[in-house]
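# Per-entry structural report
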Amino acid sequence: MDASPRVLIVGAGFMGTLHARTVQASPLATLCGVVDRDAAAGAAAAARFEVPAYTDLWRAVEQTRPYAAVVATPDPVHREAVEVLALAGVHLLVEKPLATSVEDAQAIVALAERHGVRLMPGHILRFEPRCVQASTAVHSGQTGRPVLVGAARWGRTSLGARVGATTSPLWHFLIHDIDLVQWVSGGVIAHVEGAVRVDSPAGLSTLTATGLLSTGAAFHLATGWTLPDGTPEAYRASLEVHGERGHLHLAAEQHGLTVSGQDGAAGFADAGWPTVHGEVDGPLRRQFEHFVSAIIDGGAFAVTAEDGLRAVRGAAAIEAACVIRRLT
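- As recorded in an unreviewed UniProt entry, the protein chain goes by Gfo/Idh/MocA family protein and comes from Phytohabitans kaempferiae.

Right under this line is the structure:
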């Protein structure tokens with residue numbers, strides 16, 4: 001391995017491009033190439049980042065010889081990319097969700113173990129300072145034993161228009177909060193009492209789910225793309241823990257900044273990956289640099305492969321219980 005490990009980006013869409021910016025900004029790694037089946041998307045990324053672009057993953061691996069890769073392809077085809085990369089001995093940061101089925105998630109974990117590569121799921125909230133503090137507060141006993149843990153996450157309707165053809169509120173948004181609730185509570189989703197998704201012809205989609213965690217606490221989750229495009233913040237999210245000795249509330253909305261003008265108002269942009277002095281910063285960069293540091297020095301990941309698998313299991317349980325309704 002070079003002093004600065006070579007990193008390949010697999011998927012040149014919205015998140016893949018963000019990851020490429022993150023790698024290029026980091027002093028810990030070198031961006032060595034971008035892969036996308038869409039030749040135009042790959043070429044645009046190659047021109048922007050001044051690295052080679054490929055439509056074939058095998059060829060990219062053979063020619064760039066990466067030490068690690070970020071898998072940011074559409075969620076249902078993560079396994080396909082991992083099959084190639086793990087066989088080549090490439091360490092893996094896989095965007096959330098690890099997969100969109102328990103079978104594929106288990107296969108991804110098994111592939112990494114079989115070929116001796118490190119695997120970290122990209123659950124970015126594990127690197128959001130307030131979420132880390134919330135988890136620490138609960139695990140240190142400040143709230144007492146949780147009785148109810150709830151989380152909600154709402155995005156703009158334009159997000160649904162952009163991603164709705166290839167994903168759903170469950171796999172795009174709620175997977176964040178499934179991992180968050182399981183991490184903070186110390187349990188996993190054990191029983192889904194009920195779940196319902198309501199879609200509107202106006203482009204709105206909501207999903208709510210409730211049930212029990214393995215700790216005995218109740219959970220309640222809600223998500224969707226419902227906010228008007230004029231909403232100042234790109235998303236609104238919250239976490240509530242009702243414990244036997246205390247209560248925790250986390251609100252992630254404006255992040256302390258709203259700018260109002262003649263054409264409307266805008267909140268703090270891209271809180272997960274803010275641009276600071278021209279470079280990607282925030283949780284996304286912390287996640288990547290943690291991943292790189294761990295594969296270099298052999299340290300433990302803050303998000304384990306098993307954590308990613310548990311999140312997929314929780315999402316799959318909600319999906320199996322979900323009733324879909326469409327407004328007419």
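### Here we look at the overall build of the protein chain
- Across its full length, the protein chain holds ten helices and 17 strands.
- Computed over its C-alpha atoms, the radius of gyration of the protein chain comes to 20 Å, within 12% of the 20 Å expected for a compact globule of 328 residues.
- With the C-alpha coordinates aligned to their principal axes, the bounding extent of the protein chain is approximately 55 × 50 × 40 Å.
- Within the span of the protein chain, comprising 328 residues, buried residues form 51% of the whole.
- A sequence separation of at least 24 residues applies to 69% of the contacts in the protein chain between residues at least 6 apart.
- Here the protein chain displays about 14400 Å² of accessible surface, and carbon together with sulfur accounts for 53% of that area.
- Treating the 25 positive side-chain charges of the protein chain as one cloud and the 32 negative ones as another, the clouds have centres 2 Å apart.

### Things to note about the packing of helix H5 (residues 102–115) against helix H10 (residues 305–321)
- At their nearest, the axes of H5 and H10 sit 9 Å apart, and the two run at 175 degrees to each other. The angle between the axes of H5 and H10 places the two elements in the roughly antiparallel class. The segment H5 lies against H10, with Val102, Ala105, Gln106 and Val109 engaging Ala305, Leu309, Val312, Arg313 and Ala316.
- Along the lines of polarity and charge, the residues of the contact of H5 with H10 split into seven nonpolar, one polar and one charged.

About the cut-offs
- Residues numbered from 1 in each chain as written.
- Predicted model: local features only at pLDDT ≥ 70, side-chain atom pairs only at ≥ 80, totals over all residues.
- Heavy atoms only, no water.
- Helix = DSSP H or I, 4+ residues; strand = E, 2+ residues; numbered from the N terminus.
- Rg over C-alpha atoms; globule rule 2.2 N^0.38 Å.
- Buried < 20%, exposed > 50% of the residue type's maximum accessible area, 1.4 Å probe, protein only.
- Contact = heavy atoms within 4.5 Å.
- Areas by Shrake-Rupley, 256 points an atom, 1.4 Å probe, with all protein chains shown as cover.
- Lys, Arg positive; Asp, Glu negative; His and termini not counted.
- Charge placed at Lys NZ, Arg CZ, Asp CG, Glu CD.
- Axes fitted to C-alpha atoms, helices over the stretch in contact; angles between N-to-C directions.
- Parallel < 35°, antiparallel > 145°, perpendicular 65-115°, else oblique.
- Nonpolar A, V, L, I, M, F, W, Y, C, P; charged D, E, K, R; others polar.

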